[in-house]
Amino acid sequence: MVIEIKDDFNPEKIYLSGQCFRVRKYDDGGYRFLNGERAVYLRKAGKDTFALSCGEKEWQEIWLPYFDLKRDYRSIRQTERGKDDFADRAMEFGRGIRILRQDPWEMLITFLISQRKNIPAIARSIEQLAAAFGHPITTEYESIQSFPAPKELARACEEELRQCGLGYRTPYILDATKRVLGGELDLSKLSSCSDEELLEQLKTVHGVGVKVADCIALFAYGRLSCAPVDVWIERAIEEEWHGQSLFDIYGDDAGIIQQYIYYYERNGK
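Residues numbered from 1 in each chain as written. Predicted model: local features only at pLDDT ≥ 70, side-chain atom pairs only at ≥ 80, totals over all residues. Heavy atoms only, no water.

**Comments concerning the pairing of strand E5 (residues 49–52)**
Walk down a regular strand and you will see the side chains alternate between the two sheet faces. Summarising the sheet, strand E1 (residues 2–4) and E5 pair through 3 bridges and their orientation is antiparallel. Directly across from glutamate 4, in E5, lies its bridge partner threonine 49. Both strand E4 (residues 38–44) and E5 contribute to a ladder of 3 bridges, which runs antiparallel. In the sheet register, arginine 43 faces E5, and the bridge partner there is alanine 51. Hairpin connection between E4 and E5: a loop of 4 residues separates the two successive antiparallel strands. (Pairing = 2+ DSSP bridges. Helix = DSSP H or I, 4+ residues; strand = E, 2+ residues; numbered from the N terminus.)

Here it is as C-alpha cells:
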C-alpha cells in the first residue's frame, strides 16, 4: 500500500530521536517499526508518499495512532515559532520528528534500562531481553523476538537479567515486573490519570525518577507537556538558555520541542 502524508514525517529523524530502540534501518532506505505484536516496513516512494507493508485497516487502527498522525506538527511549529531563537533552529532542523505512542510496559522497562547508558548500549540490552524472554513474531520478511511481556520477564532470575547488560538496573526491572503483575501498578488505568498523578504513580517504581517518569509519560501516554531532561537537554539549557529551562513557555507542546532540541543537540551542532 502507498499512502500520502502531508504533515511532517521523516522516518530517519524518528529513528535517531532517542525515543525508540528497536527500529531497524535497511540499506535500501526502508525502515521497520515495531508496536507490540505488529511490525510495519516502510520506505519513501515520492515527495510525500510512502510504501507500506500493511493494509489500510491496520494502518488506520495501529500505525496512525503510533506515529501520532492525527496531530498537525506543522501547525505546532508555526504556533511555537518566535518564542526563542535556539528552539526555532532546533524545530527547523528536527522537522519530521513525531512523538511515537508506544507501549507503556515496554517504555517503563526501556527507560529504566536507559539510565547512564548510550543508545547502542540501550538497544543491545533490549535485544538481549527480547532474545532471552520474548516470543517469535513472524512477518512476511523475518522472524522477530517480541519485547517480553510482564509474565515472560517474570521467568527471569536476577542473574539472567544481569547477563542482559542491566547491571545496577536489575533490581529496578525486578521491582517493576513485580508491581505490574501484582496489580500495584496498573499501566492501563494510568492513562486516565492527570499528568501529575501519572508521574507520581510511575515514580513509585524503584529506579523511576523525574527524567524516567517524564520519558514514560511522553512516549507511552502522549503527555506532551512533559519534557524529559537528560544530559543532552541539560547541556542545551546550560549553553543556550543560560541555565534556565524555557520549556514552560511551550506549555502542552513542551515535549515536542524537547524532541527537536534533543535531536538538534546530537545531530546538528
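**Brief notes about the nonpolar core**
Counting residues in each nonpolar core, the largest one holds 65 residues, and the members touching the most others are Leu108, Ile109, Leu129, Phe247 and Ile261. With 9 residues, helix H11 (residues 210–221) is the single largest residue contributor to this core. Membership of the second largest hydrophobic core comes to 21 residues, among which are Ile14, Val23, Val40 and Tyr66. (Core = buried A, V, L, I, M, F, W, Y, C linked by side-chain atoms within 4.5 Å. Buried < 20%, exposed > 50% of the residue type's maximum accessible area, 1.4 Å probe, protein only.)

**Some words on the packing of aromatic side chains**
For the coordinates displayed, the defined rule picks out 19 aromatic pairs. Aromatic side chains phenylalanine 21 and phenylalanine 111 sit 5.9 Å apart centroid to centroid with 70° between the ring planes, which places their arrangement in the edge-to-face category. Note that phenylalanine 21 is positioned in the loop between helix H1 (11–15) and strand E2 (24–25) and phenylalanine 111 in helix H5 (residues 104–113), a separation of 90 residues in sequence. Each member of the pair phenylalanine 21 and phenylalanine 111 is classed as buried. Their ring planes at 40° and their centres at 5.8 Å tell us that phenylalanine 86 and tyrosine 264 sit as a pair that is tilted. (Phe/Tyr/Trp six-rings, centres within 6.5 Å; stacked < 30°, edge-to-face > 60°.)

**Examining the sheet that holds E5**
Within a beta sheet, neighbouring strands are joined by backbone hydrogen bonds and run either parallel or antiparallel to one another. Across the sheet, which stays open at both edges, the 5 strands sit in the order E1-E5-E4-E3-E2 with antiparallel pairing between neighbours. Whereas interior strands pair on both sides, the edge strands pair on one side only; in this sheet they are E1 and E2. Sitting on the sheet, helix H2 (residues 56–66) touches E1, strand E3 (31–35), E4 and E5, and the angle it makes with E3 is about 95°. (Contact = heavy atoms within 4.5 Å. Axes fitted to C-alpha atoms, helices over the stretch in contact; angles between N-to-C directions.)

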